[in-house]
Amino acid sequence: MVSLSSLSDEAASLTDVTFGYTPSRPILSGISMRIPRGKVVAIMGGSGCGKTTILRLLAGQVKPSAGRVVVNGQSVPELKKAELYTLRRRLGFLFQFGALFTDMPVFENVAFPLREHTDLPEPLIRDLVLMKLNAVGLRGAAHLGTNELSGGMARRVALARAIALDPLLMMYDEPFTGLDPISLGVVSQLIRRLNDALGITSIVVTHDIYQSLNIVDYIYFVAAGGIIAEGTPAAIRASTDPFVKQFVNGEDDGPVPLHMKAPPLAEDFLGRMGV
Amino acid sequence: MVNGLLRGLERLGAATRKAVTRLGFASRFLIAVLRHTPTAFLRLPLTLREIYFAGVLSLVIIVLSGLFVGMVLGLQGYDILSRYGSSEALGTMVTLSLVRELGPVVAALLFAGRAGSAITAEIGLMKTTDQLQAMEMMAVDPLARVVAPKFWGGVISMPFLAALFSASGVFGGYLVGVQLIGLDSGAFWSNMQAAVDFQLDIVNGIIKSAVFGVIVTWIAVFEGYDTKPTAEGVSAATTRTVVEASLAVLAADFILTVFMFRGV
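Residues numbered from 1 in each chain as written. Chains lettered and ligands numbered in written order. Predicted model: local features only at pLDDT ≥ 70, side-chain atom pairs only at ≥ 80, totals over all residues. Heavy atoms only, no water.

Help me understand the overall build of chain B in this model?
Counting its secondary structure elements, chain B contains ten helices and zero strands. Starting at the N terminus and ending at the C terminus, chain B contains elements arranged as α-α-α-α-α-α-α-α-α-α. The principal-axis extents of the C-alpha atoms in chain B amount to approximately 65 × 60 × 30 Å. Split into buried and exposed, the 264 residues of chain B put 45% on the buried side. In chain B, the share of contacts with a sequence separation of at least 24, taken over all contacts with a separation of at least 6, comes to 83%. Surface accessibility of chain B: about 13,000 Å² in total, with carbon and sulfur atoms responsible for 71%. Here chain B holds 19 positive side-chain charges and 17 negative ones, and the gap between their average locations is 9 Å. (Helix = DSSP H or I, 4+ residues; strand = E, 2+ residues; numbered from the N terminus. Buried < 20%, exposed > 50% of the residue type's maximum accessible area, 1.4 Å probe, protein only. Contact = heavy atoms within 4.5 Å. Areas by Shrake-Rupley, 256 points an atom, 1.4 Å probe, with all protein chains shown as cover. Lys, Arg positive; Asp, Glu negative; His and termini not counted. Charge placed at Lys NZ, Arg CZ, Asp CG, Glu CD.)

The structure is reproduced here in structure tokens:
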């Protein structure tokens, strides 16, 4: 079992981070988490709880109003634009729906980071692109246009593009959304396999508990701006925490209520009838 | 009554502040784009591609519109000039109308509708589908890679399009005046040559079209980049590009004309 305290080598960490898109409504308040090197860590929670914001903080797209965000030993909010871009060359980011460039075919999409950041000769770029596509099982799709791909294929191509520059840290934003069961299995196994084969670190932001329990090493549950539960998949399965139980079992009512806060029933219904 | 007046003033103030803030944003955006100009020219294929999309693909609409506008000018001009017995000045009238005003202005309006809207929609959709963000995450600045080449592609295309519009318009005027009505071909061309001044008419027309090119493309790239990332957002931004660019071109045309042709 992985114990986070025993792993001092961190790929990334958040310490007492507070952030809100508007100051009056903080999304994250005093959150801390550590991402050990070489592991696959899931950040889970309901929609709109700030999961994706954590990735944006790590990638330096937004700055925290308080706290420290460290990636690969560097304090991200303090980096200048050029330094941030240098760091980002070592980060891979998979967007929810892939975000492939629609004006380029599959091959050029994967070649994009290589062409932008290296002066490699064309034959080498070709070999590298085919290798990356082969790693996601889509070498045969190199010549296709992005409009010819299914949702699952598009995400795998985007994954090949994200690992083109051999990142230290891969970030996945809702990689399982809207996939059929087969694609779901393929993508989740790829996340695990690539992590181990390339020796990278992965952060998976998702609300798909079943896939996560199968492939990740550690899970953080985020709700109400903080971490309300964390642990290995085995610990999460055995957890008696009401929130974790509700989330794992998909119960409709519990600590996260089914009904949004509203006036009492009688007041709402009878009031309207003028009784 | 007083309250209503105050509320109206409040709304006017808020709208003005919003407009000024937006203009400020757009100006800072333009400066940022200009800062990436070296990229647009060092990576010439990117800009050439945009010249193709904004310029070459607009050729048909520009040349055809120019031809029709020139033919209408020929008919109307002949009708008016013949009242004063000076129908041989038709070539001069058609050409001066085109190179001074209609060429740059109508070409810019068509350019805003054809290329400006396409630029806004493309950048807006790239934003909506996270493509710009993906680029940023790959440490590639979308301002340098996408926006600057599109901006320069539009700016470079516009004067050529205006010149072609004027040229095909003059030819349209010739078709109507000489071929249809039967004016003397020599008088048509030689009067035109004698009356059109290179500096005053042609160069000023080119300056106008270059300024319009900057205005239209600036608005198009800004609206695209500033799109609300939804389907309605892209559609609203595209509409705004055409409306704002058209109004800005007409207003700028008045200002430029005041400086160029005052008291001449």
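For this particular structure, what's the right way to read the layout of surface pockets?
To find leftover empty space, a probe the size of one water molecule is rolled over the atoms. Considered as a void within the structure, the largest pocket measures approximately 840 Å³ in volume. Elements with a minimum of two residues in the lining of the largest pocket: α2 (81-88) of chain A together with α1 (2-35), α6 (131-137), α7 (142-181) and α9 (198-225) of chain B. Broken down by element, the lining of the largest pocket gets its largest block of residues, six residues, from α1 of chain B. Counted by class, the lining of the largest pocket contains twelve nonpolar, four polar and ten charged residues. (1 Å grid on protein atoms, 1.4 Å probe; cavity = no way out; pocket = protein on both sides within 12 Å on 5 of 7 lines; lining within 4 Å. Points joined across faces, edges and corners; volume = space filled by probe spheres on them. Nonpolar A, V, L, I, M, F, W, Y, C, P; charged D, E, K, R; others polar.)

Please explain unusual backbone geometry as it appears in this structure.
Residues apart from glycine generally show negative phi values, whereas peptide bonds are mostly found in trans. Even without a glycine there, the phi angle at Ala99 of chain A is positive, about 55°. Assignment of secondary structure puts Ala99 of chain A in the loop between β6 (91-94) and α3 (106-117). Exposure remark for Ala99 of chain A: the relative accessible area of 6% places this residue in the buried category. The residue Asp130 of chain B is not glycine, and still its phi comes out positive at about 65°.

How should the side chain of Arg145 of chain B be read in this particular structure?
Along the chain, Arg145 of chain B turns up in helix α7. Sequence-distant contacts of Arg145 of chain B, that is, excluding residues within four places in its chain, are made with Met104, Phe112 and Glu116 of chain A together with Arg43, Leu46, Met135 and Val140 of chain B.

Even after reading the chapter, I still don't get the domain arrangement of chain A, so can you show me in this structure?
Where interface size is quoted, it is often the accessible area lost as the parts come together. Residue and element names in this part refer to chain A. The domain boundaries assigned to chain A delineate domain 1 (4-90 + 167-187 + 195-272) and domain 2 (100-165). Once you take the C-alpha centre of each, domain 1 and domain 2 turn out to be 28 Å apart. The interface is formed by 13 residues belonging to domain 1 together with nine residues belonging to domain 2. Taking both partners together, domain 1 and domain 2 bury about 890 Å²; carbon and sulfur atoms supply 65% of that area. Counting across the interface, domain 1 meets domain 2 through three residue pairs in polar contact (both at pLDDT 80 or more). For the side of domain 1 that touches domain 2, the elements supplying multiple residues, two or more each, are β7 (169-173) and α6 (181-198). Residues of the side of domain 1 that touches domain 2, tallied by class, amount to nine nonpolar, two polar and two charged. (Domains from an automatic or database assignment. Buried area = accessible area lost by both parts, 1.4 Å probe. Polar contact = N/O pair within 3.5 Å; in protein donor to acceptor, adjacent residues only side chain to side chain.)

How do you make sense of the confidence of the model for chain B when you look at a structure like this?
A residue-level look at chain B finds 99% of positions with pLDDT of 70 or above and a mean pLDDT of 93. The ipTM assigned to the predicted complex is 0.81, against a pTM of 0.86. (pLDDT = per-residue confidence, 0-100.)

Looking at this model, I keep getting lost on the confidence of the model for chain A. Mind explaining?
The predicted structure's coordinates, where accompanied by low pLDDT, should not be read in detail. On average, residues of chain A score 86 in pLDDT, and 95% of them are at 70 or above. Across residues 1-7 of chain A the pLDDT falls below 50, and counting only partners more than four positions away or on other chains, this stretch makes 14 contacts in the model.

Got a minute to help me understand the interface of chain B and chain A in this structure?
Counting from both sides, the interface comprises 17 residues of chain B and, opposite them, 21 residues of chain A. Together chain B and chain A conceal approximately 1,700 Å² of surface at their shared face, both sides included; 57% is due to carbon and sulfur atoms. Our count for the contact surface shared by chain B and chain A stands at four salt bridges. If you look at where chain B meets chain A, you find eight residue pairs in polar contact (both at pLDDT 80 or more). (Salt bridge = Lys/Arg side-chain N within 4 Å of Asp/Glu carboxyl O.)

What's the story with the nonpolar core in this structure? I'm lost.
A general tendency of soluble globular proteins is for nonpolar side chains to be buried together. Met33, Ile54, Leu58 and Met171 of chain A are the most contacted members of the largest nonpolar core, which totals 64 residues. Broken down by element, this core gets its largest block of residues, seven residues, from α7 of chain B. A domain split of this core shows at least three residues from each of domain 1 (4-90 + 167-187 + 195-272) and domain 2 (100-165) of chain A. When near neighbours in sequence (up to four residues on either side) are disregarded, Met171 of chain A contacts Leu55, Leu58, Ala59, Leu91, Gly92, Phe93, Leu94 and Ile203 of chain A. The next biggest cluster of nonpolar side chains, apart from the first, holds 52 residues, and it includes Leu114, Leu130, Leu133 and Leu149 of chain A. (Core = buried A, V, L, I, M, F, W, Y, C linked by side-chain atoms within 4.5 Å.)

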